[in-house]
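# Fold and geometry: a report
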Amino acid sequence: MDAEAAKLIGAGLAAIGAGIAAGGVGNVFGSFLQGALRNPAAADSQQGRLFIGFAAAELLGLLAFVVAMILIFVA
Amino acid sequence: MASEGGKIDPMGQFTIEPIVPIELAGYDVSFTNSALFMLVVLGAIWVFMLGGMKREMVPGRWQMAVEGVNGFINNMMSSSIGPEGKRYVPLVFSLFMFILVANFMGMMPFGIVPGVHGFTVTSHLTVTAILAILSFGTVLVVGLWKHGFHFFSLFVPHGTPWWLLWLIPLIELFSFLIRPFSLALRLFVAMTAGHVLMKVLAGFVINGMNADAAWVPAIVSIPSFILMIGITLLELLVCAIQAYVFALLTALYINDAVNLH
């Protein structure tokens, strides 16, 4: 296989990671909403934790993006 | 930046160009567009803060805006650190404001004026890494100053079973050392990815409009344009969330240093 083609295939495979991280972020917000609808009074105090979970899940998707960018532009 | 051949260059917007070339002792210390936009951000924050610090008894709208932001950070610090959190409000407030305004400055449509190029300060790892080092360095200095060598008990959580004492500190140390990298990478990649995405969509719109076939604008350009409006709104949300997450994580890390969980 051509090295250039392999790079582009690798970058495409990295996009799978971004998609899975999207699932993770959705899970974070979905679970929060599920809990918040059951106990709306406690929801506001947990918003900090919501965003910590969001940040942790999002970071892994962003890392997949970094891998794709490195493969396309740097490697 | 769509050229004639229909090839778009999504990375061109991140180029750092010297505006006033300066060379000092063999080093290139030119005044660049990045430095210019940092000054613009500083000026914007300055105007915003000075306009709201007139200390009127009955606050006007502007003063309410400034007090709102200040109260937001104040609340976050006291809820995550406790009464001692007040001392770190200036640091976290400055970090939050700088990142927030820098992110928004990058989203502003400066490109409407011919010859002017917008620039996102926070889309460069060098800038975000310095911000992360500021946050991480504060944690180290505060922790070691307050607790001395007792600070290293941070790596041994309460209730660790004796037969895990060889593993848990290693994991804790690793997760501690990776903090500045995750802080810097998150902000940098979120801004870069958003701007690349918007530039690619803008390329779809422009190239579709210039296409020879008559059906292309209706099928490609219009949906891309509608999608781009949505993505732009999402990016504005991401700008605010990233600034908030950076400030929140800094607050939590300082909490670790102050209270030693």
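Residues numbered from 1 in each chain as written. Chains lettered and ligands numbered in written order. Predicted model: local features only at pLDDT ≥ 70, side-chain atom pairs only at ≥ 80, totals over all residues.

What chain B contains, in helices and strands, is seven helices and four strands. Going residue by residue from the N terminus, the α and β elements of chain B occur as β-β-β-β-α-α-α-α-α-α-α. When its C-alpha atoms are laid out on the principal axes, chain B stretches across 75 × 55 × 50 Å. Counting over 261 residues, chain B shows a buried share of 26%. (Helix = DSSP H or I, 4+ residues; strand = E, 2+ residues; numbered from the N terminus. Buried ≥ 20, exposed ≤ 12 C-beta atoms within 10 Å, placed from the backbone.)

On to the overall build of chain A, then. Of regular secondary structure, chain A possesses two helices and zero strands. Whereas a compact globule of 75 residues would reach a radius of gyration of roughly 11 Å, chain A reaches 17 Å, over 25% beyond that. Reported as C-alpha extents along the three principal axes, the dimensions of chain A are approximately 60 × 15 × 10 Å. Considering chain A as a whole, with its 75 residues, one finds that 11% of them fall into the buried category. (Rg over C-alpha atoms; globule rule 2.2 N^0.38 Å.)

Moving on: the interface of chain B and chain A. Of the residues lining the interface, 13 residues belong to chain B; the matching set on chain A comes to nine residues. Elements with a minimum of two residues in the side of chain B that touches chain A: helix 6 (179-209) and helix 7 (216-259) of chain B. Among the elements that take part in the side of chain B that touches chain A, helix 6 of chain B stands out by supplying six residues, more than any other. Class assignment for the residues of the side of chain B that touches chain A results in ten nonpolar, two polar and one charged. (Contact = placed C-beta atoms within 7 Å. Nonpolar A, V, L, I, M, F, W, Y, C, P; charged D, E, K, R; others polar.)

This part is about the packing of helix 6 of chain B against helix 7 of chain B. Each pair of packed helices gets described by two things: the angle between the helix axes and the distance between those axes. Residues and elements named next belong to chain B. Relative to each other, helix 6 and helix 7 sit at 170 degrees, their axes nearing to 9 Å. Classified by the angle between their axes, helix 6 and helix 7 sit roughly antiparallel to one another. Judged by the sense of rotation from one axis to the other, the crossing of helix 6 with helix 7 is left-handed. For the contact of helix 6 with helix 7, a count of residues per class yields 21 nonpolar, six polar and three charged. (Axes fitted to C-alpha atoms, helices over the stretch in contact; angles between N-to-C directions. Parallel < 35°, antiparallel > 145°, perpendicular 65-115°, else oblique. Left-handed = near helix turned anticlockwise from the far one by under 90°.)

Let's shift gears to the packing of helix 4 (residues 125-147) of chain B against helix 7 of chain B. All names here are of chain B. Relative orientation of the contacting elements helix 4 and helix 7 amounts to 15 degrees, with a least axis distance of 8 Å. As far as their axial angle goes, helix 7 and helix 4 are roughly parallel. Between helix 4 and helix 7 lies a crossing whose hand is right-handed. In contact with Ser 135, Thr 138, Val 139, Val 142, Gly 143 and Lys 146 of helix 4, helix 7 contributes Thr 250, Tyr 253, Ile 254, Asp 256, Ala 257 and Val 258.

Counting residues in each nonpolar core, the largest one holds 49 residues, and the members touching the most others are B:Phe96, B:Ile99, B:Phe246 and B:Ala247. The set of elements that each furnish at least two residues to this core consists of helix 2 (47-74) of chain A together with helix 1 (33-52), helix 2 (61-80), helix 3 (89-107), helix 4, helix 6 and helix 7 of chain B. The dominant element in this core, judged by the number of residues it contributes, is helix 7 of chain B, at twelve residues. Among residues more than four places away in sequence, those in contact with B:Ile99 are B:Thr122, B:Leu131, B:Leu187, B:Gln242, B:Ala243 and B:Phe246. (Core = buried A, V, L, I, M, F, W, Y, C linked by C-beta atoms within 7 Å.)

This brings us to the environment of A:Ala15. You can see A:Ala15 is positioned in helix 1 (residues 3-38). Separated by 30 residues in the primary sequence, A:Ala15 and A:Ser45 place their C-alpha atoms 34 Å from one another.

Our focus in this paragraph is the confidence of the model for chain B. Looking at chain B as a whole, its pLDDT mean stands at 87, while 97% of the residues score no less than 70. Scoring of the predicted complex yields 0.87 for pTM and 0.80 for ipTM. (pLDDT = per-residue confidence, 0-100.)

Turning to the environment of B:Ala257, a few remarks are in order. All names here are of chain B. Locating Ala 257 in the fold gives a position in helix 7. Using a count of 21 C-beta atoms within 10 Å as the deciding quantity, one classes Ala 257 as buried. With sequence-adjacent residues up to four places away left out, Ala 257 is seen in contact with Val 139, Val 142 and Gly 143.

Helix length check: helix 2 of chain A (28 residues) gives 38 Å between terminal C-alpha atoms against 40 Å at 1.5 Å per residue, within 8%. When we look at burial in helix 2 of chain A, the residues that qualify are A:Ala55, A:Glu58, A:Gly61, A:Leu62, A:Ala64, A:Phe65 and A:Ala68. Elements in contact with the buried residues of helix 2 of chain A: helix 1 of chain A together with helix 6 and helix 7 of chain B. (Expected span 1.5 Å × (residues − 1).)

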